[in-house]
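Each chain is listed here by its residues.
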Amino acid sequence: MQYRHFGPLDFRPSALGFGCMRLPVLDAGSIDEPAAIAMLRWAIEQGVNYVDTAYPYHGGHSERVVGLALRDGYRDRVAVATKMPCWLVDTPDDLDRLFAEQCARLGVEHIDFYLLHNLQAAGWDKMRALGATDWLERQRDEGRIGAIGFSFHDGFDVLQRILDEYHGWQFCQLQYNYACEQVQAGTRGVELVGERGLGLVIMEPLYGGTLAQPPEPMQRLFD
């Protein structure tokens, strides 16, 4: 496994992380828990050390299954990332309530990498008004989270504003792949994050699997 530098953080993430938004499922749609746990543990045994999940994934069950997979000593071998569902936060008390629920699902008292989920312009304005960044800093100072970040789904100008209006970010997560060089933050966003010296996690490198099964005209290019 290859490892990377991660902005200002004293952590060397594996070049490939394990995203838990699309775990294997049964016919009824629920997570195939034995298969998901086996996959995640196999990845960790091969050197993957960054596991990413979030509150809403798989109808709220992804965090719970990740917690099961990280039992039996696997938790000590990885950094866990999960995300605050900003759209469910209406009061400052919601931040505490949702975070406590996530820790219970994961079976942990400390989350290594914690993100505000799916920040867009309106969501960022709401998080600022509710004091979410102050809350994040308190959690870090009290040892409940390790690093402060956000995941992002908006345009480049919004990304720039989020980075300009709060200087405590340590990492962020952007959608990026060869079909999305000018979609959302795009290449300019990737470069901006690098210029600011932050850690960067790339999500959707295969565009939700679309790029792993390209349409017939594109497949012919590789024949």
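Below: a short report on this structure. The structure presented is a predicted model; accordingly, all values stated were derived computationally and were not measured.

Here is what the cut-offs are and how they apply
- Residues numbered from 1 in each chain as written.
- Predicted model: local features only at pLDDT ≥ 70, side-chain atom pairs only at ≥ 80, totals over all residues.
- Heavy atoms only, no water.
- Axes fitted to C-alpha atoms, helices over the stretch in contact; angles between N-to-C directions.
- Helix = DSSP H or I, 4+ residues; strand = E, 2+ residues; numbered from the N terminus.
- Parallel < 35°, antiparallel > 145°, perpendicular 65-115°, else oblique.
- Left-handed = near helix turned anticlockwise from the far one by under 90°.
- Contact = heavy atoms within 4.5 Å.
- Pairing = 2+ DSSP bridges.
- Buried < 20%, exposed > 50% of the residue type's maximum accessible area, 1.4 Å probe, protein only.
- Right-handed = clockwise from strand over helix to strand, strands pointing away.
- Patch = residues over 30% accessible without salt bridge, like charges linked within 9 Å, V, L, I, M, F, W, Y side chains within 5 Å.
- Areas by Shrake-Rupley, 256 points an atom, 1.4 Å probe, with all protein chains shown as cover.
- Salt bridge = Lys/Arg side-chain N within 4 Å of Asp/Glu carboxyl O.
- Polar contact = N/O pair within 3.5 Å; in protein donor to acceptor, adjacent residues only side chain to side chain.

**Digging into the packing of helix α1 (residues 33-45) against helix α2 (residues 62-69)**
Phase 1: Relative to each other, α1 and α2 sit at 60°, their axes nearing to 9 Å. Relative to α2, α1 is oriented oblique. Two packed elements cross with a definite hand, and for α1 against α2 that hand is right-handed. When α1 is examined against α2, the residues Glu33, Ala36, Ile37, Leu40 and Arg41 are found in contact with a partner set consisting of Arg64, Val65, Val66, Leu68 and Ala69.

**Concerning the sheet that holds strand β2 (residues 50-52)**
Phase 1: The sheet built from seven strands is open, its strands ordered β1-β2-β3-β4-β5-β6-β7 with parallel pairing. In this open sheet, the two edge strands, each paired with only one partner strand, are β1 (18-19) and β7 (199-203).
Phase 2: Pairing of strand β4 (residues 111-119) with strand β5 (residues 145-152), which is carried by six bridges, proceeds in the parallel orientation. Bridge pairing in β5 places Leu119 opposite Phe152.

**Focus on the pairing of β7**
Phase 1: Here β7 shows a clear split, with Gly199, Val201 and Met203 buried on one side and none of Leu200 and Ile202 buried on the other.
Phase 2: In this fold, the crossover linking strand β6 (residues 171-175) to β7 by way of helix α7 (residues 186-195) has right-handed handedness.

**Side note on a nonpolar patch on the surface**
Phase 1: Together, Met1, Tyr3 and Leu16 make up an exposed nonpolar region whose accessible area comes to about 300 Å².
Phase 2: Within the secondary structure, Tyr3 sits in the segment before β1.
Phase 3: With a relative accessible area of 32%, Tyr3 lands in the partly exposed category.

**A look at the side chain of Lys83**
Phase 1: Among the structural elements, Lys83 can be located in strand β3 (residues 79-84).
Phase 2: Under the relative-accessibility criterion, Lys83 is labelled buried at 1%.
Phase 3: A polar contact of 2.9 Å, which involves the side chain of Lys83, links it to the side chain of Asp52.
Phase 4: Sequence-distant contacts of Lys83, defined by excluding residues within four places in its chain, comprise Asp52, Thr53, Ala54, Tyr55, Tyr57, Gln102, Tyr114, Leu115, His117, Ser151 and Gln173.

**Points about the pattern of salt bridges**
Phase 1: In total, this model carries 13 salt bridges according to the counting rule given.
Phase 2: Between Asp52 and Lys83 there is a salt bridge, with its nearest N and O atoms 2.9 Å apart. Separated by 31 residues along the polypeptide, Asp52 in strand β2 and Lys83 in strand β3 bring together distant segments of the chain. Side by side, Asp52 and Lys83 carry an identical accessibility label, which is buried.
Phase 3: Each of Asp125, Arg128, Arg161 and Glu165 takes part in a single network of salt bridges with overlapping partners.

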